[in-house]
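Architecture and fold: a report
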Amino acid sequence: MAPTLPIYMDYHATTPLDRRVLDAMLPYFCETFGNAASRSHVFGWRAEEAVEVARERVARLIGADSSKEIAFTSGATESDNLAIKGVAEFYKDKGDHIITSAIEHKAVLDSCKRLEKQGFKVTYLGVDKQGMVSPDDVARAITDKTILVSIMLANNEVGTVQPIAEIGAVTRKRGVLLHCDAVQGVGKVPFDVAKMHVDLASISAHKMYGPKGVGALYVRRSKPRVRLVAQMDGGGHERGMRSGTLNVPGIVGFGRAAELATSEGEAEAMRLTTLRERLAKKLFQIEAVTLNGHPTARLPGNLNVAFSYVEGEAMMMAIRDVAVSSGSACTSASLEPSYVLRAMGVDEEFAHSSIRFGLGRFTTEEEVDYVGQLVTDKVHALREMSPLWEMAQAGIDLKSIEWAAH
Amino acid sequence: MAYSEKVIEHYENPKNVGTLDKDADDVGTGLVGAPACGDVMRLQIKVSDEGVIEDAKFKTFGCGSAIASSSLATEWLKGKRVDEAETIKNSMIAEELNLPPVKIHCSVLAEDAIKSAIADFKQKQAAKRALQGG
Ligand SMILES: Cc1ncc(COP(=O)(O)O)c(C=O)c1O
């Protein structure tokens, strides 16, 4: 049976709201609309109660000891900024060195860049061909000036899952704080701030079937107690870490989404891995297709592949009824191919030919089969139009040609 | 990014995809761009004894706008005299296809491909004359 078009396969960018999440949120718009900070009446108490239930659920999802360790934010961009800048500002007398990786999200990288302008020193660790950060590299980069290490749980482009537990063992032993941008991995791959010795963690509701514009920062309260300087001044909400009236319906939705991820995440991950492998099996029947990222340590719903001799944006245009994303230059205003693929040492021509398929909760087998066949047909059609494919078929080594870079 | 209707039309029904014999005297071939930059165009023209472009073919590795630019270029080339063809400018292609600023480089590449194909053809003709003359 043909699936309904268009098909959404871009679950790393955002996810649809789960109906159950919407149902949980609805009463908090018109009926229970109070300000959670209103301490003097029942409207405020009810809102606060609902927020605290959500806080518990988010804490449970990531293995936090106490819900007091969760501060709600406007999303993971804010969480990343708050974690990195807030820690840097608080501990600046202790040290001025931060370690991160070259494949972090821009919210982390650009926060670090800003700190560099303020005089901090930042080490951007490289990754291996499969996008993996080495815990040994982390250990080697730590100096007596290092205050923070920030490494993501799973990469948003290539899906590689980082060895956070091993990195946590290193940072704990050396007395350095560990921040983890867990946005893409939480609820999909194992993540436990206690077991992995994570001191700060960023998460975002809209990547886990919750609403957009809501996130959280986990801030450890004991062993060690993490301190940070708030980056926004105001009423001192969220234990002084993040001022601003709480987005109660959003937070309630986030809590429900976290609860669903806790109870259903593991089964969903298995289902998605099966679907992902089904798509991979079909696509790898095509000649000259390579996998970007790690073959096993990867997000269940992530498949990132390079279709050699076919440009990524042309591919996306050919499958316009399927929403995917590309590592090609053309999709960004900067015309630079993906910095993640580049950091992994992927040849630029492969980067231009890379497509990211993101599968999620509502992806069906019919959709996977439809996309697998459609992409196969289009790769063949675009190769018929590709001078590079013709040259490769004629046995010409494309690397032997002196291309004029423009 | 949203595409203009004209880009989509050329992309869905590209005109003149194919290959001419690059070793033939009356064929000029231009190969421009680089795989690492995400676009490579090969444009070929076949020129009659009267100096008229009888046929034009292209193959392009690149985004939809690059494919549309090359398709349009081949359409415009056919039936033109070589000296007329030399007057095709990237701005004309960009305007016809409604290319947004980030895609202007696709039309630049198409102009380069036209120039390069004509240069190749002229070089072959000069070599032929030299051979006949000598
Ligand atoms: C790894 C990672 N970190 C941070 C973010 C930013 O999250 P948000 O959209 O909640 O600001 C994203 C989403 O784009 C992401 O994928």
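The following paragraphs examine the structure supplied in this document.

Procedures and definitions
- Each chain has its residues counted from 1, following the order in which its sequence is written.
- For this description, chains carry letters from A and ligands carry numbers from 1, given in the order in which they are written.
- The predicted nature of this model means local features are confined to residues of pLDDT at least 70 and side-chain atom pairs, given and counted, to a pLDDT of 80 or more, with totals for whole chains, interfaces and linings taken over all residues.
- Only heavy atoms go into the side-chain values, all of them from the structure, while hydrogens and water stay out.
- Here the rule is simple: two strands pair whenever DSSP picks up at least two bridges between them.
- The helix count covers DSSP runs of H or I at least four residues long, the strand count covers runs of E at least two residues long, and both are numbered beginning at the N terminus.
- Note on definitions: a residue-residue contact is assigned when non-hydrogen atoms from the two residues lie within 4.5 Å.
- Working convention: axes come from line fits to C-alpha atoms, limited for helices to the stretch in contact. Angles between N-to-C directions cover 0 to 180 degrees.
- Throughout, the term near means that a residue has one or more heavy atoms lying within 4 Å of the molecule or strand in question.
- Polar contacts here mean pairs of N or O atoms no more than 3.5 Å apart (in protein, one a potential hydrogen donor and the other a potential acceptor; neighbouring residues in sequence count only if both atoms are side-chain atoms).
- The method behind every accessible area is Shrake-Rupley, applied with a 1.4 Å probe, and residues are considered shielded solely by the protein chains displayed.
- Nonpolar residues are Ala, Val, Leu, Ile, Met, Phe, Trp, Tyr, Cys and Pro. Charged residues are Asp, Glu, Lys and Arg, and all others, Gly as well, are polar.
- By this rule, a helix spans an expected 1.5 Å times one less than how many residues it contains.
- Buried, partly exposed and exposed residues are distinguished by accessible area as a fraction of the type maximum, computed with a 1.4 Å probe on protein chains only: under 20%, between the cut-offs, and over 50%, respectively.
- Summed over both partners, buried area is the accessible surface (1.4 Å probe) that two parts give up on being assembled.
- For this analysis, a salt bridge means a side-chain nitrogen from Lys or Arg found within 4 Å of a carboxyl oxygen belonging to Asp or Glu.
- As used in this record, nonpolar core signifies buried Ala, Val, Leu, Ile, Met, Phe, Trp, Tyr and Cys residues forming a set joined through side-chain atoms within 4.5 Å.

Here we take up the sheet that holds strand E13 (residues 354-358) of chain A. Residue and element names in this part refer to chain A. Strand order in the open sheet formed by four strands is E9-E10-E13-E12, with antiparallel pairing between adjacent strands. The open sheet has two edge strands with one neighbour each: strand E9 (289-291) and strand E12 (325-326). For E9 and strand E10 (residues 302-307), the ladder comprises three bridges, and the chain directions are antiparallel. If you follow Thr290 over to E10, its bridge partner there is Ala306. With respect to the sheet, helix H8 (residues 248-283) is in contact with E9, E10 and E13, its orientation differing from that of E10 by roughly 10°.

Let's shift gears to unusual backbone geometry. As a rule of thumb, non-glycine residues mostly have phi less than zero, and peptide bonds are mostly trans rather than cis. Residue and element names in this part refer to chain A. In this model, Leu5 is joined to Pro6 through a cis peptide bond whose omega is -5°. Tracing the backbone through its elements, the reader meets Pro6 in the segment before strand E1 (7-8). Omega for the bond connecting Lys223 with Pro224 falls within 30 degrees of zero, at -5°, which places this linkage in the cis form. Structurally, the position occupied by Pro224 is in the loop between strand E8 (215-219) and H8.

So, about the sheet that holds E8 of chain A. Residues and elements named next belong to chain A. The seven strands are arranged E2-E8-E7-E6-E5-E3-E4 in an open sheet whose pairing can be described as mixed. Only two strands of the sheet have a single partner each, and these edge strands are strand E2 (70-73) and strand E4 (121-125). Between one strand and the next, the sheet's axes are offset by a mean angle of 20°, whatever the strand orientation. Bridge count between strand E5 (residues 146-150) and strand E6 (residues 177-181): three bridges; the pairing is parallel. Note on E6: the bridge partner recorded for Ser150 is His179. On top of the sheet, helix H4 (residues 76-90) reaches E2, strand E3 (97-101), E5, E6, strand E7 (200-204) and E8; it is set at about 165° to E7, its chief contact. Contacts between helix H7 (residues 164-174) and the sheet are confined to E5 and E6, with E6 contributing the most and set at about 160° to the helix.

Residue and element names in this part refer to chain A. With respect to spatial proximity, 13 residues lie near the ligand, and among them Thr77, Asp181, Ser204, His206 and Lys207 are the closest. Between the ligand and Gln184, the relevant distance is 2.8 Å, taken from an oxygen atom to a side-chain nitrogen or oxygen of the residue. A distance of 2.8 Å is found between an oxygen atom of the ligand and a side-chain nitrogen or oxygen belonging to Lys207. Compared with its free state, where it exposes 390 Å², the ligand has 85% of that area covered by protein. The leading source of residues in the shell around the ligand is H4, at three residues. Considering only residue class, the shell around the ligand consists of three nonpolar, seven polar and three charged.

All names here are of chain B. Across its 30 residues, helix H5 (residues 104-133) extends 43 Å between first and last C-alpha, which sits within 8% of the 44 Å expected from 1.5 Å per residue. For H5, the complete set of buried residues consists of Cys106, Ser107, Leu109, Ala110, Glu111, Ala113, Ile114, Ala117, Ile118, Phe121, Lys124 and Gln125. Where H5 is buried, its residues meet strand E1 (27-34), strand E2 (39-47), helix H2 (64-77), helix H3 (82-85) and helix H4 (90-97).

Looking now at the interface of chain B and chain A. Opposite the 30 residues of chain B that make contact, chain A presents 27 residues. Taking both partners together, chain B and chain A bury about 2600 Å²; carbon and sulfur atoms supply 66% of that area. When the buried surface of chain B facing chain A is broken down by residue, Tyr11, Pro35 and Phe61 of chain B rank first, second and third, together holding 25% of it. Summed over the shared surface of chain B and chain A, the result is four salt bridges. Measuring nitrogen to oxygen at the nearest pair gives 2.8 Å for the salt bridge that ties Arg42 of chain B to Glu390 of chain A. Inspection of the region where chain B meets chain A yields 13 residue pairs in polar contact (both at pLDDT 80 or more). For the side of chain B that touches chain A, the secondary-structure elements that each account for two or more residues are helix H1 (5-12), E1, E2, strand E3 (53-61), H2 and H5 of chain B. Looking at the side of chain B that touches chain A residue by residue, the class counts come to 18 nonpolar, seven polar and five charged.

A word on the nonpolar core. Generally speaking, nonpolar side chains in soluble globular proteins are found buried as a group. Membership of the largest hydrophobic core comes to 65 residues, with the highest contact counts inside it found for Ile62, Phe72, Phe191, Val198 and Phe254 of chain A. Contact partners of Phe254 of chain A, with chain neighbours within four places excluded, come to Val58, Phe72, Ile203, Ser204, Ala205, Met208, Pro211, Val214, Gly215 and Ala216 of chain A. In terms of nonpolar packing, the next biggest core, distinct from the first, is built from 64 residues, Leu279, Met317 and Val368 of chain A together with Leu99 of chain B among them.

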